[in-house]
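Residues per chain, in single letters:
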Amino acid sequence: MLREIQQQRLDLANSAAHWIEVTAPYDRGWAQIVGMRKYLMIGSSLLALYGVRHPSKLIRWSRRAVSAWGTIQLFRRTFLLR
């Protein structure tokens, strides 16, 4: 019984280490977002003000940004995975 408990503890420790290793990129990304919070708030406020004054330009540029992002992702999936 003690060996089984010891084995379970080892398995749990290995699983915890693996979980931390797998989620590390997400943790780093989240830390970067939280670190840039004040800049994101200022930028979103300025974008909102610009959108109120020039709604058609904002829509046009947002469509272009989404298109560019889609094109970049397509190239990444097509050329970098091979």
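Everything below is about the structure shown above.
Residues numbered from 1 in each chain as written. Predicted model: local features only at pLDDT ≥ 70, side-chain atom pairs only at ≥ 80, totals over all residues. Heavy atoms only, no water.

Q: Is there a simple way to think about the overall build of the protein in this case?
A: In terms of regular secondary structure, the protein is built from 3 helices and 0 strands. Ordering the α and β elements of the protein from the N terminus gives α-α-α. Rg of the C-alpha trace for the protein: 23 Å, well past the compact-globule value of 12 Å for 82 residues, more than 25% over. The principal-axis extent of the C-alpha atoms belonging to the protein is close to 70 × 35 × 15 Å. (Helix = DSSP H or I, 4+ residues; strand = E, 2+ residues; numbered from the N terminus. Rg over C-alpha atoms; globule rule 2.2 N^0.38 Å.)

Q: Would you take a moment to explain helix 2 (residues 37-53) for this structure?
A: Along an α-helix, a turn takes 3.6 residues, which lines up residues three or four apart on a common side. With 17 residues, helix 2 should cover 24 Å at 1.5 Å per step; its first-to-last C-alpha distance of 24 Å lies within 8% of that length. Burial analysis of helix 2 places just 1 of its 17 residues in the buried class, a small minority of the element. (Expected span 1.5 Å × (residues − 1). Buried < 20%, exposed > 50% of the residue type's maximum accessible area, 1.4 Å probe, protein only.)

Q: I'm lost on the packing of aromatic side chains in this one. Help?
A: When we look at a pair of aromatic rings, we describe it by the centre distance and by the angle of the planes. Inspection of the entire model under this criterion finds 1 aromatic pair. Seen from their ring centres, F75 and F79 are 5.7 Å apart, and the 15 degrees between their planes marks the pair as stacked. One end of the pair, F75, and the other, F79, are both in helix 3 (residues 55-80), 4 residues apart, so they sit about a helical turn from each other. Assessed through its relative accessible area of 46%, F75 is described here as partly exposed. Assessed through its relative accessible area of 55%, F79 is described here as exposed. (Phe/Tyr/Trp six-rings, centres within 6.5 Å; stacked < 30°, edge-to-face > 60°.)

Q: How do you make sense of helix 1 (residues 2-35) when you look at a structure like this?
A: For helix 1, spanning 34 residues, the distance from its first C-alpha to its last is 46 Å, which sits close to the expected 50 Å at 1.5 Å a residue. Where helix 1 bends most, the angle comes to about 50 degrees, and this point is T23, followed within four residues by the proline P25. (Bend = angle between axes of the 7 residues up to and from the residue.)

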